[in-house]
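# Chains, contacts and geometry: an overview
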Amino acid sequence: MDFIIISLIKTAIVAFVLLTGLAYLQWIERKVLAHIQIRVGPYRVGPHGLLQPLADVIKLITKEGFVPSHVHKLFYFMAPWLAVTLALIPIAVLPFGPLIEVFGHKTFMELTDLRIGVLFVLAVSSVGVYGVALAGWASNNKYSLLGGLRSSAQMISYELPLALAIAAPLLLVNTLSFREIVNAQDGYWLGFIPRWNAIPECVGFIVFLVASFAETNRVPFDLPEAENELVAGFHVEYGSMKFASFFMAEYANMITVACVGTLLFLGGWTPLFPAPYSNAVPVLLLAATGLVLLIAGSAPARKMDKYTFPVVGVISLGLALIFAVSFLVPVVQTILMALFWFTAKVLAILFVFIWIRGTLPRFRYDQLMRFAWTILFPIAMLNLLVTALAVALTSK
Amino acid sequence: MTPFFFFILAGFAVFCAISLVSQTHPIASALSLVGVMGALAVLYLQLGAEFLAAAQMIVYAGAIMVLFVFVIMLLNAGAEQEARRVSRLARFVGMFMMAALLGIISFTIQGQFPNMGSVTFGAWVGGTAQEVGMLLFTTYLLPFEITSILILIAIVGAIVLARREV
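Predicted model, so just to flag it, every value in this text is computed and none were measured.

## Some remarks on the domain arrangement of chain B
Here chain B is partitioned into domain 1 (1-81), domain 2 (85-114) and domain 3 (128-166). For domain 1 of chain B versus domain 2 of chain B, the separation of C-alpha centres amounts to 24 Å.

See below:
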């Protein structure tokens, strides 16, 4: 009974955070892209456009769900459902923190710990291509069909380097469970360099990042939805919630990939510095942010800064206070520290995703394929072989 | 609880298999086959063969069937017309023949292995990735390598055949 109640609570929290995160990731992306291009981005709905995701959701839900007459009805409706379901499933096996004890109940900070967690994520993401391929085909439109075909070919091709890049750190940690992978990365070399897989596996990490851009159909590999060639690619015939489902699936895939990268290569929730120092990092960081904002708000350069800067500053100081108080309650501190470091790393990877989108132009299709098979795949293979050799030589 | 899940999944697998044969559209048939493979993967998982279940999803459902769907889309194959009418008598007799064939198979298995016992879910724990890997690289190394070479030959053959006109 305990198990069911705890699982329900955890599921509710994870689902709420994930879905809110999806909506706000889109806000973050628009803001970051806007600032890269010297614009302001969403600004009208709420302060600094903070309510824009909400407005978008309301708009997409209340829009008329128009169905074109020339589509294959069953597959047309099945495709967005498949895409979003398969994109949301992997979060169930990703851990966010260590074993915690709340009110006498011991529980892991994750929904389930699978012994084959890594394989599970790979399996679900490899089936995820059906959503895009079906959408392209069922729309019965040449642009969407081309988008769907491009996407299938691209995802099949980039799955190989991705799987090989994931296999290399697995050789180092010798397990397939995400929890044990993170535990194996706990600790420090020479007392201060974190034992993250990204350091011995830097080549693998780069290959993983590049391949995951392609797997999530992101710039510079967003050929399936290249606007200037294919109108909008595979989802050209979709509107309202059906279009939103594809959108959600794309962002959910981004979050999944960032989480997997964090867990496999960046040590999950293990802090960057040894524990006594790292626990003070969020307090100092948030307090400094708050103070800077309060000082900047007292001499505002723009009219609205008089209100927005002090508000955000007070929120930062409040968060700093929460982290500071948590020093008195070890349980809360464990939870908060794990969440802080995990979120920081995931957001860092997501920022790289957005940064790349703001920087690089789109590849041409033949370049994309040649890059996968003649550059990325051999590098990933070589990296795996070298890692295997090193592991074989160093183990007794 | 486990027999309950077994019947749901087995029912789903059989439903998908029937749909695979009876659908007229190739894409629908291919997707039904994916459904069969997914149901089988979960059944493997229940039997304790977790690595096999993941491999089934990644290799069959995620790679091979995606290629099938890909090719069907490229050829843009439409729904097929019923080629020629099968007589009603043949269908009727066919069902009984099918039942007879299944009966003979189960009778033979029962006769050959009289004390096999029944399947127990979750009792077997030898299906982890480590154990499968150990078996593949020790006991079954030779068959494993021979299979790899066979697949390599098939790949080379496919490339040679595809490039013939150049």
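Following the structure, the description resumes.
## Details of the interface of chain B and chain A
Taken together, the 24 residues of chain B in the interface contact 23 residues of chain A. Buried area between chain B and chain A, summed over both chains or domains, comes out near 2,000 Å², and the portion from carbon and sulfur atoms is 80%. Counting the contacts that link chain B with chain A gives one salt bridge. For A:Arg115, the salt bridge is made with B:Glu50, and the minimal N-O distance between the two is 3.0 Å. Elements with a contribution of two residues or more to the side of chain B that touches chain A: α2 (26-47), α3 (50-75) and α5 (129-137) of chain B. The element contributing the most residues to the side of chain B that touches chain A is α3(B), with 14 residues. Here the residues of the side of chain B that touches chain A sort into 18 nonpolar, five polar and one charged.

## Observations concerning empty space enclosed by the protein
Under the counting rule described, the total for this entry stands at two cavities of 30 Å³ or more. Within this model, the largest cavity holds a volume of roughly 440 Å³. Within the residue set of the lining of the largest cavity, elements represented by two or more residues are α3 (73-88), α4 (117-127), α6 (142-173), α8 (202-215) and α10 (240-265) of chain A. Per-element tally for the lining of the largest cavity: the top contributor is α10(A), with nine residues. Of the residues that constitute the lining of the largest cavity, the class distribution is 18 nonpolar, seven polar and three charged. Taken as a whole, the second largest cavity spans an internal volume of roughly 30 Å³. Lining the second largest cavity, in full, are A:Tyr130, A:Ala133, A:Ser152, B:Val66, B:Val69, B:Phe70 and B:Met73. Of all elements in the fold, only α5 (129-138) of chain A together with α3 of chain B reach the threshold of two or more residues within the lining of the second largest cavity. For the lining of the second largest cavity, the element with the most residues is α3(B), which contributes four residues. Of the residues that constitute the lining of the second largest cavity, the class distribution is six nonpolar, one polar and no charged.

## Structural notes on the side chain of A:Thr216
All names here are of chain A. Relative to the helices and strands, Thr 216 resides in the loop between α8 and α9 (227-230). Classification of Thr 216 by relative accessible area gives buried; the value is 4%. One polar contact links the side chain of Thr 216 to the main-chain carbonyl oxygen of Ser 212, over a distance of 2.7 Å. From its side chain, Thr 216 meets the backbone oxygen of Phe 213 in a polar contact 3.3 Å long. Apart from residues lying up to four places away in sequence, Thr 216 is in contact with Glu 250, Asn 253, Met 254, Val 257 and Phe 353.

## Notes on unusual backbone geometry
Residues and elements named next belong to chain A. Residues other than glycine seldom take positive phi values, yet Ile 38 does so here, at roughly 55°. Summarising the element assignment, Ile 38 is placed in the loop between α1 (2-36) and α2 (52-62). In this structure Ile 38 comes out as exposed when scored by relative accessible area, which is 79%. One non-glycine residue, Asn 174, adopts positive backbone phi at about 65°. Among the structural elements, Asn 174 can be located in the loop between α6 and α7 (178-184).

## A look at the side chain of A:Gln26
Mapped onto the secondary structure, A:Gln26 falls in helix α1. Setting aside chain neighbours within four positions, we find A:Gln26 in contact with A:Asp56, A:Phe247 and A:Tyr251.

Conventions used here
Residues numbered from 1 in each chain as written. Chains lettered and ligands numbered in written order. Predicted model: local features only at pLDDT ≥ 70, side-chain atom pairs only at ≥ 80, totals over all residues. Heavy atoms only, no water. Domains from an automatic or database assignment. Contact = heavy atoms within 4.5 Å. Buried area = accessible area lost by both parts, 1.4 Å probe. Salt bridge = Lys/Arg side-chain N within 4 Å of Asp/Glu carboxyl O. Helix = DSSP H or I, 4+ residues; strand = E, 2+ residues; numbered from the N terminus. Nonpolar A, V, L, I, M, F, W, Y, C, P; charged D, E, K, R; others polar. 1 Å grid on protein atoms, 1.4 Å probe; cavity = no way out; pocket = protein on both sides within 12 Å on 5 of 7 lines; lining within 4 Å. Points joined across faces, edges and corners; volume = space filled by probe spheres on them. Buried < 20%, exposed > 50% of the residue type's maximum accessible area, 1.4 Å probe, protein only. Polar contact = N/O pair within 3.5 Å; in protein donor to acceptor, adjacent residues only side chain to side chain.

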